[in-house]
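# Structural description and commentary
Listed here are the chains, written in short residue letters.
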Amino acid sequence: MVVDSLSDGTRIAQLLASEVTGHEDAFSVLSVVDSDPDVEPTDDGALAYAVAADDERVAEVYVQPDRARVEFLAHPDVTAEAASEAGLRVRPKAVRPPRTLVFVEDGAQVKWTLPAFRALVAALDAGEREEDEE
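This one's a predicted model, so the numbers in the text were calculated from it and none came from an experiment.

Of regular secondary structure, the protein chain possesses three helices and six strands. Along the chain direction, N to C, the helices and strands of the protein chain fall in the order α-β-β-β-β-α-β-β-α. In the protein chain, which comprises 134 residues, the share counted as buried stands at 43%. By sequence separation, contacts in the protein chain at least 24 residues apart represent 50% of the contacts at least 6 residues apart. With the model as given, the accessible surface of the protein chain reaches about 7,600 Å², and the carbon-plus-sulfur share is 47%.

Moving on to the pattern of salt bridges. Considering all chains together, one arrives at nine salt bridges under this definition. Across the salt bridge formed by Arg-57 and Asp-34, the nearest N and O atoms sit 2.7 Å from each other. Pair noted here: Arg-57 is in strand 3 (residues 56-64) and Asp-34 is in the loop between strand 1 (30-33) and strand 2 (46-53), with a separation of 23 residues, a long-range link. Given a relative accessible area of 30%, Arg-57 falls into the partly exposed group. The salt bridge partner of Arg-99 is Glu-71, with a shortest N-O separation of 2.5 Å. Here Arg-99, found in strand 6 (residues 99-104), pairs with Glu-71, found in strand 4 (residues 67-72); they are 28 residues apart in sequence, far enough to count as distant.

Strand order in the open sheet formed by six strands is 1-2-3-4-6-5, and the pairing between neighbours is antiparallel. The sheet is open, and its two edges are formed by strand 1 and strand 5 (89-93), each paired on a single side. Within this sheet the neighbouring strands show an average axis-to-axis angle of 25°, counted without direction. Against the sheet, helix 1 (residues 9-22) touches strand 1, strand 2, strand 3, strand 4 and strand 6, its axis set at about 150° to strand 3.

Before going further, it helps to examine the packing of aromatic side chains. Applying the stated rule across the entire model yields two aromatic pairs. With 6.2 Å between their ring centres and 65° between their planes, Phe-27 and Phe-117 make a pair best called edge-to-face. Remark: Phe-117 occurs in helix 3 (residues 114-133) and Phe-27 occurs in the loop between helix 1 and strand 1; sequence separation between them is 90 residues. For Phe-27, a relative accessible area of 1% translates into the label buried.

Attention now moves to the environment of Asp-54. Relative to the helices and strands, Asp-54 is located in the loop between strand 2 and strand 3. Along the primary structure Asp-54 and Leu-30 are separated by 24 residues, whereas in three dimensions their C-alpha atoms are 7.6 Å apart.

Once that is clear, we can look at the environment of Phe-27. Taking the C-alpha atoms as reference points, Phe-27 and Leu-114, 87 residues apart in sequence, are found 9.5 Å from one another. Dropping the residues within four chain positions of it, Phe-27 is found in contact with Glu-19, Val-20, Leu-114, Phe-117, Arg-118 and Val-121.

Let us look at the pairing of strand 3. Of all the nine residues making up strand 3, seven are buried; the element is thus mostly covered by neighbouring parts of the structure. In terms of strand pairing, strand 2 meets strand 3 through seven bridges, oriented antiparallel. Note that in strand 3 the partner of Val-51 across the bridge is Ala-59. In this structure, the hairpin formed by strand 2 and strand 3 is closed by a connection of two residues, where Asp-54 is found at a positive phi of approximately 50°. Sheet analysis places strand 3 next to strand 4, joined by six bridges and oriented antiparallel. Counted as the bridge partner of Gln-64 is Arg-67 from strand 4. Hairpin connection between strand 3 and strand 4: a loop of two residues separates the two successive antiparallel strands.

Rules and cut-offs
- Residues numbered from 1 in each chain as written.
- Predicted model: local features only at pLDDT ≥ 70, side-chain atom pairs only at ≥ 80, totals over all residues.
- Heavy atoms only, no water.
- Helix = DSSP H or I, 4+ residues; strand = E, 2+ residues; numbered from the N terminus.
- Buried < 20%, exposed > 50% of the residue type's maximum accessible area, 1.4 Å probe, protein only.
- Contact = heavy atoms within 4.5 Å.
- Areas by Shrake-Rupley, 256 points an atom, 1.4 Å probe, with all protein chains shown as cover.
- Salt bridge = Lys/Arg side-chain N within 4 Å of Asp/Glu carboxyl O.
- Pairing = 2+ DSSP bridges.
- Axes fitted to C-alpha atoms, helices over the stretch in contact; angles between N-to-C directions.
- Phe/Tyr/Trp six-rings, centres within 6.5 Å; stacked < 30°, edge-to-face > 60°.

This is the structure we're talking about:
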């Protein structure tokens, strides 16, 4: 029997980590940190790992039984727009500071998250340039 889609939250999160660490040029400032290789999915989402840029957390990835959820901690507006344009389900999280939640419900959607990470890297880079000019 051929499986047409991958809807295991843990496996989706693993694929996402591979994409983030495997695109050396585009995401060279990003790294996967605080990984929990034994994470068990929960209905609310269990923290699988974080994504950092220069030792600062910029995103967190949570696993649920049937999907993964990325919470963008940095530049939530930019990442929300990019993820939405890529066709992913996106919603804001009303906390201080605000976050953007991006739901990855299928293994194929992992590639759809890459524009959001590219937008994040571009925004981080633009922020660094602004700091250098001051």
